[in-house]
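Coordinates in review
These are the residues of each chain, in order.
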Amino acid sequence: AILMPPLLILTSSNRLVQNRLSTLQAWMSKTFTKQLMLPINLQGHKWASMLLALTLMLLSLNLLGLLPYTFTPTTQLSMNMALAVPMWLSTVLIGMRNQPTISLGHLLPEGT
């Protein structure tokens, strides 16, 4: 659990293939991004790096809880709300900016 997050941290270089670890990192990030962005149109793909970073952070924090005598920070409501509210608010505001009538329609009760 301790060794997994450092293996997933993305590194950049001007070389095509550095070593086996960077090849594994690139393959994992490409596969994860492809699976995550499959149902989303091309405009939504700009969120891929942020969602990948958020997922890796949550994965590493939750794997930390598997170790004995450690505390998982995601058990606290304050951390979950600090991650969830900005994501929700950005989704709502971007929806209001790009498609205001459809976004406002979601806020009305069904059948009105």
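Conventions we followed
Residues numbered from 1 in each chain as written. Predicted model: local features only at pLDDT ≥ 70, side-chain atom pairs only at ≥ 80, totals over all residues. Heavy atoms only, no water. UniProt positions renumbered as here; feature names shortened; annotations may be inferred. Helix = DSSP H or I, 4+ residues; strand = E, 2+ residues; numbered from the N terminus. Buried < 20%, exposed > 50% of the residue type's maximum accessible area, 1.4 Å probe, protein only. Contact = heavy atoms within 4.5 Å. Areas by Shrake-Rupley, 256 points an atom, 1.4 Å probe, with all protein chains shown as cover. Axes fitted to C-alpha atoms, helices over the stretch in contact; angles between N-to-C directions. Parallel < 35°, antiparallel > 145°, perpendicular 65-115°, else oblique. Nonpolar A, V, L, I, M, F, W, Y, C, P; charged D, E, K, R; others polar. Expected span 1.5 Å × (residues − 1). Left-handed = near helix turned anticlockwise from the far one by under 90°. Patch = residues over 30% accessible without salt bridge, like charges linked within 9 Å, V, L, I, M, F, W, Y side chains within 5 Å. Salt bridge = Lys/Arg side-chain N within 4 Å of Asp/Glu carboxyl O.

The protein chain is annotated in an unreviewed UniProt entry as ATP synthase F(0) complex subunit a of Uta stansburiana. Quoted straight from UniProt, the Catalytic activity (unreviewed entry) entry for the protein chain says "H(+)(in) = H(+)(out)". You can read under Subcellular location (unreviewed entry) in the UniProt record for the protein chain the words "Membrane".

Comments concerning the overall build of the protein chain
Assigned secondary structure in the protein chain consists of 5 helices and 0 strands. Scanning the protein chain from its N terminus toward the C terminus, one meets helices and strands in the order α-α-α-α-α. Across the 112 residues that make up the protein chain, the buried fraction comes to 12%. Taking the intrachain contacts of the protein chain between residues at least 6 apart in sequence as the baseline, contacts between residues at least 24 apart amount to 29%. Entry remark: accessible area of the protein chain is about 9,100 Å², with carbon and sulfur atoms responsible for 69%.

Re the packing of helix H3 (residues 48-64) against helix H4 (residues 77-98)
Interhelical geometry of H3 versus H4 gives an angle of 170° and a closest axis separation of 13 Å. Compared by their axis directions, H3 and H4 come out roughly antiparallel. Across the interface between the two elements, Met50, Leu51, Leu54, Met57, Leu58 and Leu61 of H3 pack against Met79, Leu83 and Met87 of H4. Each residue belonging to the contact of H3 with H4 can be placed in one class, and the counts come to 9 nonpolar, no polar and no charged.

Focus on the UniProt feature "transmembrane region" (unreviewed entry) in the protein chain
Under the present numbering, the feature "transmembrane region" (unreviewed entry) in UniProt falls on residues 47-71. Annotation note: span residues 47-71, helix share 68%, strand share 0%, distance between end C-alpha atoms 30 Å.

Concerning H3
Along its 17 residues, H3 runs 24 Å from first to last C-alpha, staying within 8% of the 24 Å computed at 1.5 Å per residue. The inward-facing, buried residues of H3 contact helix H2 (20-36) and H4.

Structural notes on the packing of H2 against H3
Two numbers describe how H2 lies on H3: the axes approach to 10 Å, and their chain directions differ by 110°. Taken together, the axes of H2 and H3 are roughly perpendicular relative to one another. Relative to H3, the crossing made by H2 is right-handed. Together, Ser29, Phe32, Thr33 and Leu36 of H2 and Ala48, Leu51, Leu52 and Thr55 of H3 make up the contact between the two elements. Each residue belonging to the contact of H2 with H3 can be placed in one class, and the counts come to 5 nonpolar, 3 polar and no charged.

A closer look at a nonpolar patch on the surface
On the surface, a nonpolar cluster with roughly 320 Å² of combined accessible area is contributed by Leu21, Leu24 and Trp27. Topologically, Leu21 is positioned in helix H2. Owing to a relative accessible area of 37%, Leu21 belongs among the partly exposed residues under this scheme.

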